[in-house]
Amino acid sequence: MNQAKHIAIIMDGNGRWAELQDKKRVKGHEAGAKVVKSITTFCSNHKDIERLTLYAFSTENWKRPRLEVEFLMKLLNSYLKKELDVYLQNNVRFEPIGDIRAFSKSLQKTIRIVQEKTAHCDGLVQSLALNYGAQDEILRAVNSLKNSHEDITLEMLSNKLDCKHSVDLLIRTGGDKRLSNFLLWQSAYAELFFTDTLWPDFTTKELEKIIKKFKKVERRFGGLK
Ligand code: IPE
Ligand code: IPE
Ligand code: MG
């Protein structure tokens, strides 16, 4: 049976969830943050899950209205500050991926503090993808190797990526079937699961069901059964 050692989730549908209830889109983001907490806690209690990588803000999300972007930045800051104790209680190590240099100095500081304070935790690794785009990640990796005198190998490039771990199970909520620039390299052989559930409605029960299906999939990696 397969093991879902690395689960990655495109947490989509916050805005639609709010609009369906005649609420402002940002209310969907608030509700979504609560689900981040419950899914992370669930994964931290399952020893076979080693990594949970969550798409929180893409390099393309800057195109959104200024007020929504500002709200998301504030929400991220307060979420991280509030969750630090929960990370520690659950032995979760926080590792951001993405180019956080685009964020305000104070948000960068919060991110770094939570990363440093949880660095000793050796349970689940929770990665939030922040100002993350797979194309940007690969481009930064290639640029950091451009002065190399030898031919670039798979290992060399992989080691320069923000996320150095291949994905086993990739889930997208919200009904769309696309990757939206998320972990393109690392998902080369990921099993893809798409659900219509909007992220604020996503539950640990649904995650359990998906993991159960994933476990039975025959993964061949280009070989034969
Ligand atoms: C995902 O939900 C969260 C972020 C991209 C920050 P959306 O905000 O994309 O919600 P929908 O897709 O518009 O419903
Ligand atoms: C992907 O969702 C990004 C995150 C979940 C953070 P989007 O809502 O930005 O994706 P598109 O625009 O529908 O492809
Ligand atoms: Mg969306």
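Everything discussed here concerns the structure shown above.
Let us look at the structure shown here. Predicted model only: the values in this text are computed from it and were never measured.

Within the structure, ligand 2 sits among I10, M11, D12, Y55, A56, F57, N61, R64, R172, R178 and S180. In the environment of ligand 2, an oxygen atom lies 3.2 Å from a nitrogen or oxygen atom belonging to the side chain of R64. Relative to its free-state accessible area of 390 Å², ligand 2 is covered by the protein chains to the extent of 78%. Tallying contributions element by element places strand β2 (residues 51–58) first for the shell around ligand 2, with 3 residues. Along the lines of polarity and charge, the residues of the shell around ligand 2 split into 5 nonpolar, 2 polar and 4 charged.

Attention now moves to the sheet that holds β2. To summarise the sheet geometry, strands pair through backbone hydrogen bonds and adopt either a parallel or an antiparallel arrangement. What the 6 strands build is an open sheet, ordered β3-β4-β2-β1-β5-β6; its pairing is parallel. Edge positions in the sheet fall to β3 (93–94) and β6 (191–194), since each of these pairs with one other strand and no more. Sheet topology places β3 next to strand β4 (residues 125–132); 2 bridges connect them, and they run parallel. Looking at the pairing, F94 lines up with Q126 of β4.

Another aspect to go through is helix α3 (residues 66–89). For α3, which comprises 24 residues, the first-to-last C-alpha distance of 35 Å matches the rise-based estimate of 34 Å (1.5 Å per residue) to within 8%. At E83, α3 shows its largest bend, some 45°. Once α3 finishes, N91 follows within two positions and takes phi at roughly 60°, a positive value.

Close to ligand 1 lie M11, D12, G13, N14, G15, R16, R25, H29, A56, N61, R64 and L72. Separating an oxygen atom of ligand 1 from a backbone N or O atom of R16 is a distance of 2.7 Å. Here R64 contributes a side-chain N or O atom positioned 2.7 Å from an oxygen atom of ligand 1. Considered on its own, ligand 1 offers 380 Å² of accessible surface; in the complex 87% of this is hidden by protein. For the shell around ligand 1, the secondary-structure elements that each account for two or more residues are α1 (14–20) and α2 (25–44). With 3 residues, the top contributor of residues to the shell around ligand 1 is α1. Here the shell around ligand 1 is composed, by residue class, of 3 nonpolar, 5 polar and 4 charged.

With that out of the way, let us pick up the pattern of salt bridges. Under the defined criterion, the tally for this structure stands at 18 salt bridges. E19 is the partner of R25 in a salt bridge, and the nearest nitrogen-oxygen pair spans 3.7 Å. For R25, a relative accessible area of 27% translates into the label partly exposed. A salt bridge links E83 to K37; the nearest nitrogen and oxygen atoms lie 3.9 Å apart.

Structurally, the position occupied by G222 is in the segment after α7 (204–216). A residue is classified by how much of its surface remains accessible, and G222, at 65% relative accessible area, is exposed. Counting along the chain gives 33 residues from G222 to Y189, while the straight-line C-alpha distance between them is 9.1 Å.

Moving on to the side chain of H6. Mapped onto the elements, H6 comes out in strand β1 (residues 6–10). A distance of 3.0 Å separates a polar side-chain atom of H6 from the backbone oxygen of S166. Setting aside anything within four residues of it in sequence, one finds H6 in contact with R51, T53, C163, H165, S166, V167, D168 and L169.

Another point: the packing of aromatic side chains. On inspection of all chains with the given rule, the structure shows 9 aromatic pairs. For the ring pair Y87 and F94, a centre distance of 5.7 Å and an interplane angle of 40° mean the geometry is tilted. Its relative accessible area of 0% is what places F94 among the buried residues. Ring geometry for Y132 and F182: centres 6.0 Å apart, planes at 85°, overall edge-to-face. You can see Y132 sitting in strand β4 and its partner F182 sitting in the loop between β5 (169–172) and β6, a full 50 residues away along the chain. What makes Y132 buried here is its relative accessible area of 0%. Overall, the relative accessible area of 0% leaves F182 in the buried class. Each member of the aromatic cluster is reached from another via a ring pair, and the members are Y55, Y132 and F182.

Cut-offs applied
Along each chain, numbering runs from 1 in the same order as the chain's sequence is written. Chain A is the first chain written and ligand 1 is the first ligand written, with later ones labelled in order. With pLDDT at 70 or above as the cut-off, local features in this predicted model cover only qualifying residues; side-chain atom pairs require 80 or more to be listed or tallied, and sums for whole chains, interfaces and linings still use all residues. Here the side-chain values reflect all heavy atoms present in the structure, with hydrogen atoms and water set aside. Only heavy atoms are used to decide nearness, and a residue is near a molecule or strand if one of them lies within 4 Å of it. Think of a polar contact as two N or O atoms within 3.5 Å of one another; within protein, one of them needs to be a possible hydrogen donor and the other a possible acceptor, and neighboring residues in sequence only count if both atoms come from side chains. Shrake-Rupley sampling with a 1.4 Å probe provides the accessible areas, and residues are treated as covered by the protein chains on show and by no other component. Helical segments are the DSSP runs of H or I of at least four residues, strand segments are the runs of E of at least two, and each set is numbered from the N terminus. Charged means Asp, Glu, Lys or Arg here, nonpolar means Ala, Val, Leu, Ile, Met, Phe, Trp, Tyr, Cys or Pro, and polar covers whatever is left, Gly included. When DSSP finds two or more bridges between two strands, those strands count as paired. A helix's residues, less one, multiplied by 1.5 Å, set its expected span. Two axes are fitted around each residue, one to the seven residues ending there and one to the seven starting there, and the angle between them is reported as the bend at that residue. Between Lys or Arg on one side and Asp or Glu on the other, a salt bridge is scored when a side-chain nitrogen of the former is within 4 Å of a carboxyl oxygen of the latter. For every residue, the accessible area (1.4 Å probe, protein chains only) is compared with the maximum for its type, and the residue is labelled buried under 20%, exposed over 50%, or partly exposed between those bounds. Only heavy atoms matter for contacts: two residues are in contact if any of them lie within 4.5 Å across the pair. Any two of the Phe, Tyr and Trp rings considered here, Trp counted by its six-membered ring, make a pair once their centres fall within 6.5 Å; the pair's planes then place it as stacked at under 30 degrees, edge-to-face at over 60, or tilted in between.

The values reported here are purely geometric and, on their own, carry no functional implication.
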